[in-house]
Structures are given as structure tokens and as C-alpha cells.
Amino acid sequence: MAPSATKVSGFNQKDNHWYCNAGLASDITIVIDNVFFHLHKFPLMSKCGKIANILEESLDSHGEPFSTELDEFPGGSETFLLVAKFCYGVRVELTSKNIVAVYCAADYLEMTEEYGEDNLLAKSESFFHKTVLRNWKDCVLSLQSSEPVISRAEKLEIVSKCLSALSMMACTDPSLFGWPMMMYGSLQSPGGSILWNGINTGARIRSSESDWWFEDISSLSVPLFERLVQTMKSRGMRQEHLARAIMYYARKYLPGLGRWQSGEVGKTRTVFSMTPAVVDQRVLLESIEKLLPEKKGKSFCRFLLGLLRVSMILKVSPECRDSLEKRVGMQLDMASLDSLLIPTYSDADTLYNTDCVERIVRHFLSSERSISLFSPSSLDLEASPSSESLRKVAKLIDNYIAEIASDVNLKPEKLRTLAEALPDSSRSLHDGLYRAVDIYFKAHPWLSDNDKEQICNIIDYQKLSIDACTHASQNERLPLRVVLQVLFFEQLQLRSALAGCLHTFDTEIVPAGPTTTGTDMVGQIIQRDGWVTVVRENQALKVNLENMRSRVGELEQEFGKMKQEMRKVVKSQSSLSSPRMLAKKLGCKLQSSDHQSDTIESVVPSPRASVELARPSRQSRHRKSTSLL
């Protein structure tokens, strides 16, 4: 305040002293927060019951000037100045920003009808119910301004009434009552645009959107926001709207969330000027976690993972972190790889928090009850059949392991633990695991063959595709023992495929017997297409069969050549004295003793194995295998 006297509606201020221009000497001094109001007894006693009682109880109330201090006065010195002006008959303007403080001050000073008709308490109550509670803008501003006097506002039910009014307006269809257009009053052009001082701003009111209130309530403090959400929930607000409002609020006060979130939940509309709340981020995150509904959705899962990241930075309570991990685990099939890459914020050596991901996977496997989806029209939802959830998570974890495999500090035990966290039935193919292992070997060239073989045990070679087998058989980073096992199962796949094709063609062309199923099928073909179609199909099948037989003959010749090469290699190596000994060193199991020799000779010497084992020198090992990356 300026040190010089300034006239403000009949009151002057000098330093921290206020004087009334009544032409009479002051006979009472009221002290509010070290601010001195030099006033007169009669105007105050005629309106304020509390001051009248204080003066009556004081011995010197009719003698020398009286001074008293009002402790914990609602609203402080600024609000008391308004009350003093009202007592002196000066016009006081009630607004949505000062109504709560004035209402509480009038109640504190006992300014009832007993001490004057149309007293301040009745005026405040009337303005609050007839103006504030019927207007979205005034209700939000009043609720925001109630923070300094929250205890007395709770006593007068001001807070609960504001929360109830806001929840009713937000839950009601805006098209029925014109919300949020009510907040603008009559400041609308005939075309529907917002007017400011009679000037068309060009902004259009869009009352049909469900997120028009997100920005407005984000100015509330965490406790008030939490109570408002709970009130809206009790009134039947849709879960997806509440979730989006919570996400909007969190992103406003937790800036770290923006780094991992794509897009906006709702468009920011600054309808009227409000000061953002001052929040404790740790308290905010713990409160938000309790408010979030138990639903699932792709954007919602991404938001939960963002909260989990920030929770590790803010070091929230273990209960809050565990709850977030469980929430993510219950909808892990909707997570994306980039959001699952949670950095390590502690002193650990690894780049990513693999322990957290491992716990999330365990929660996913142990979650017995399923959570429902949001409605299909919100939060970028995508239905995920339960039968496919395990397959999706397995693919996600395989990609996650491949992403973190390049970390030089990642231990082999941790890689195996992550890979073995899911059951074998979750993966129909092990190509993803093979890719991750290959990346890990590339980033860890110092691993011994024994360590590599231990890591390769997580791969089921029978579940590798032909392309993966081809790459693995030429991969110089793999141990020789693993390469030979890959070649073994690769030939088994080839044999099975050839046998299946031959059996199919033989069955279709030369039926085994006059079975009912075959007769019915032939009869259906004849009835549908006639004899001409049957003849044409038989001719096509015969041509395909001849081509297949020709191909099988070529393969047999090629296998014969490879057998000869393999015999030369076996003779040159003293340790491998026989095909039977070779099979034992490879760890292959022969199915019958009668065909052991034929199996080894026909399985091991594939084209890639012959080249790998028959190299005369180490110079050719400089040839690099093609990469799947």
C-alpha cells in the first residue's frame, strides 16, 4: 500500500491503518491480521452481533477508545473492509469471487436479521443461492475462492452446495438447458458467437461436447477436485468422461506426463480468467490413482504407464506404485512398446526398469477377474478378445526384450527371466525371441559359448519359421551346437511339409476307399459344376503332382551329394568317428535304432551345414550373416 492517504469510498488508508471519513473521532479500533481499522462503535454494534457482545462485556466500552483483535477472521483484512463499508451504508458489490468470504465473515460477526433488517448474512445467502448456484462460471469461481475459508464454508454447506450444483450441470445434457452457454449469460451474437463488450470474438459455443468443463474445474485444488469427481460419480457421470477429466487435470499439473502422451484429451477453452491451483505433485498423483476407474482402453493404459513413470520420479508411496502396476497389468494387452520402456531412475546399472515390467507381467498372469472396456466411442478403444490377450502380451514382451537387449549392462539372467515369465502356450512362434537373442549376442560379443547356449535354451527351435531357421543357420554369432540343432529341426520341418503335400495330393487323386465323406464331396462337386469341372480339376492335380515328384527327385539327388560331403568331413575329424557319435554330440534324439544312421545322414548335411563344417580356413568366417533387424 502507498504510504500517502488515499480515499476509497469514504475510507482512507495510510500504511496499515484505515480511517473512516465520518467527521468524528474514532472510538473503536479493530485489528485484523496486523491491519488497524479506526472506526465507530454505533455502526458496528447496530449490524454485528459479535462486536456488540464484545463491547457489552468490556468494562471500558463507554469510556476511552476501545481496541480489540479478531483472530482468524474469515477473508482477512480485505473482507473486513467490505463488512465495515456495509455497516456504514456504503454500497458493497457482491461477486462470485468475494461472496464466499463475505458470507463466512457475516456468519462470523453474527450479522443476522436480529441486528438489522436485510442484514449482510441474509444478503449473502440470497446472492449465493439465487446467482452463484445457478451459474456455472460463478459456481466454479466461488468454489475456487473458498480455499482460504474452507472450514467455515464447510460449516455453512457452501462447498457441498457448489459441488452438487456443478455436478448436476456437468452431468445434464447441455443441449437441454443451454449449458455451458449459461456461463456467458446474454453475451451472444444472433449467430451464436461470443460477444465481449459488444464485439464479436468469432468464438463459437459448442455445447454438444462432453469436455467443455474440463479446463474450468482444473483450477480447483486437489481436495476440491477429488470431491467434485466423487460427487459427479455418485450422480451417475459416465466413467469415460470422469477418466478424461482426471487425465486432463493430471496432465495440467504433472508436466512430465506430456513427454509420453500423444494428443490431447480435451481442447483447452479458457472461458474466464482463473488462477491455477497450487498443488503438491506427489499428493496429486496419489489422489488421482485412487480416483481412476477400473476400466481398460489403449489411451487409458498409456496414461497409466505415464503415471507410473512420474510416480518413480516423485517417489510416491509403495502402495500407490503397486496399485498402478496392477492396473497396468490388468490391461497389459493394450499397452504399446514405447510406453512400456520405463527408464531406471535409481542407481541401477541397467537403462530400463526391467523389474517393474516383470512385476507387471506377473500381475497380468495372476489377474483373475477381467475389467470392462470403456464405451467404444471414447479413449481410442479397441476390443481385445481374452483368447488373444496372452498372444498380444507375448509379442509385446518379445519386442520389449529385443529393445532392451542392446543394453551392455543387461545381465543374461534378467533376459531369461523376462522371456520365461510367460508360459510356453503364449507363443506360437519363437521368431521374436530369436531376434532378441541375436541382438543381445551382437551387443555382448564377450559372452562365452556356454553362456550363449544357456541363453539359447529359451528358444524352442521347433517353433522357428523357415526364414528364422535360414537366418540362424548362417548366424556366426550363435554357437556351433545351436546352429546344428537348428539345421536338424529345419530338415524335420521340410520333411514334414513334403510328406504332407504328397499325402494330400495322393488322397485327393487316388482315394483310399469308397468312404462316405469322399463320395459326398464328389457328389457335391458333380452337382455344382458338372463333369467338365471334375475332369479339369483332376488334370490340374496330375500336373501339380508331376511337378512335385520332379522336385522331390531333385532334392534326393542334392541330399545324396550332401551325404558324400558329410562323410568326408566326418572322416577328417577324429572326435566325430561315426554318425551315431555326431548325433550324441549334437544332443539329437533318434526315434528308432533301425533308422539312426539314415536320420543323421539325411538331417545334418543340409546345404548350410555342409558349407559351415567344410570350410578349409577361418578366412571365410568374415562373411556376415544377413540381419533380421
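Just above sits the structure.
Residues numbered from 1 in each chain as written. Predicted model: local features only at pLDDT ≥ 70, side-chain atom pairs only at ≥ 80, totals over all residues. Heavy atoms only, no water.

S.K.: I tried to follow the environment of Lys442 on my own but got confused; where do I start?
M.R.: Mapping Lys442 onto the fold places it in helix 20 (residues 431-443). For Lys442, a relative accessible area of 52% gives the class exposed. Between the C-alpha atoms of Lys442 and Ala405, which are 37 residues apart in sequence, the distance is 9.1 Å. (Helix = DSSP H or I, 4+ residues; strand = E, 2+ residues; numbered from the N terminus. Buried < 20%, exposed > 50% of the residue type's maximum accessible area, 1.4 Å probe, protein only.)

S.K.: So what exactly am I meant to see when it comes to the environment of Lys395 here?
M.R.: In this structure, Lys395 sits in helix 18 (residues 386-404). Between the C-alpha atoms of Lys395 and Leu429, which are 34 residues apart in sequence, the distance is 9.6 Å.

S.K.: Please explain unusual backbone geometry as it appears in this structure.
M.R.: When glycine is set aside, most residues are seen to have a negative phi, and most peptide bonds are trans. Its identity is not glycine, yet Glu72 carries a phi of approximately 50°, on the positive side. The residue Glu72 is located in the loop between strand 6 (66-69) and helix 3 (76-87) in this model. Residue classification places Glu72 among the exposed residues on the basis of a relative accessible area of 74%. Positive phi, close to 65°, is recorded for Glu157, a residue that is not glycine. On the basis of relative accessible area, Glu157 is assigned to the partly exposed category, the value being 45%.

S.K.: Sorry if this is basic, but what is going on with the pattern of salt bridges here?
M.R.: Oppositely charged side chains may form a pair once their charged atoms are brought near each other. With the rule as written, the count across this model stands at 19 salt bridges. Glu154 is paired through a salt bridge with Arg227; the nearest N and O atoms lie 2.2 Å apart. Here Glu154 is found in helix 7 (residues 150-155), whereas its partner Arg227 is found in helix 11 (residues 222-234), with 73 residues between them in sequence. For Glu154, a relative accessible area of 31% gives the class partly exposed. For Arg227, a relative accessible area of 28% corresponds to the partly exposed category. Ionic pairing is found between Glu388 and Arg391, a salt bridge with its closest N-O pair at 3.3 Å. Of this pair, Glu388 and Arg391 are both found in helix 18, 3 residues apart, which corresponds to roughly one turn of the helix. Of the residues examined, Arg391 reaches a relative accessible area of 43% and is grouped as partly exposed. (Salt bridge = Lys/Arg side-chain N within 4 Å of Asp/Glu carboxyl O.)

S.K.: When you look at the packing of aromatic side chains in this model, what are you seeing that I'm missing?
M.R.: Between two aromatic rings, the relevant description is the distance of the centres plus the angle of the planes. Under the defined criterion, the tally for this structure stands at 12 aromatic pairs. On the numbers, 5.4 Å between centres and 80° between planes, the contact of Phe73 with Phe80 is edge-to-face. Judged by relative accessible area, which is 6%, Phe73 ranks as buried. Here the aromatic rings of Phe488 and Phe489 are separated by 5.2 Å at their centres, their planes lie at 80°, and the arrangement is edge-to-face. The residues Phe488 and Phe489 share a single accessibility class, namely buried. Among the aromatic side chains, those forming a connected cluster through ring pairs are Phe37, Phe73, Phe80 and Tyr108. The ring of Tyr108 has Lys50 lying over it, and the distance from NZ or CZ to the ring centre is 5.0 Å. Lying over the aromatic face of Phe441, Lys452 brings its terminal NZ or CZ to 5.4 Å of the ring centre. (Phe/Tyr/Trp six-rings, centres within 6.5 Å; stacked < 30°, edge-to-face > 60°. Lys NZ or Arg CZ within 6 Å of the ring centre and 35° of its normal.)

S.K.: What is the right way to look at the packing of helix 20 against helix 21 (residues 449-456) in this model?
M.R.: Each pair of packed helices can be summarised by the angle the axes make with each other and by the distance between the axes. Interhelical geometry of helix 20 versus helix 21 gives an angle of 160° and a closest axis separation of 11 Å. As summarised for this structure, helix 20 and helix 21 are arranged roughly antiparallel, according to the angle between their axes. Note on packing geometry: the crossing formed by helix 20 with helix 21 is right-handed. Contact with helix 20, carried on its side by Val437, Tyr440 and Phe441, involves Lys452, Ile455 and Cys456 of helix 21 and no other residues of that element. (Axes fitted to C-alpha atoms, helices over the stretch in contact; angles between N-to-C directions. Parallel < 35°, antiparallel > 145°, perpendicular 65-115°, else oblique. Left-handed = near helix turned anticlockwise from the far one by under 90°. Contact = heavy atoms within 4.5 Å.)

S.K.: Got a minute to help me understand the pairing of strand 5 (residues 35-39) in this structure?
M.R.: Successive side chains on a regular strand alternate, one facing one side of the sheet and the next facing the other. Of all 5 residues making up strand 5, 4 are buried, and the element is well covered by its neighbours. Both strand 3 (residues 17-20) and strand 5 contribute to a ladder of 3 bridges, which runs parallel. Across the sheet, Trp18 pairs through a bridge with Phe37, a residue of strand 5. Pairing geometry for strand 4 (residues 28-32) and strand 5, over 5 bridges, is antiparallel. Note that in strand 5 the partner of Val31 across the bridge is Phe36. Between the end of strand 4 and the start of strand 5, which pair antiparallel, lie 2 residues, with Asp33 showing a positive phi angle near 50°. (Pairing = 2+ DSSP bridges.)

S.K.: I keep staring at the pairing of strand 2 (residues 11-14) and nothing clicks. Help me out?
M.R.: Here 4 bridges tie strand 2 to strand 3, and the two strands are oriented antiparallel to one another. Across the sheet, the residue bridging to Gln13 is Trp18, located in strand 3. Counting the residues between successive antiparallel strands, the hairpin from strand 2 to strand 3 contains 2 residues, one of them, Asp15, with a positive phi of roughly 55°.

Remember, this is a structural readout, not a statement about activity or role.
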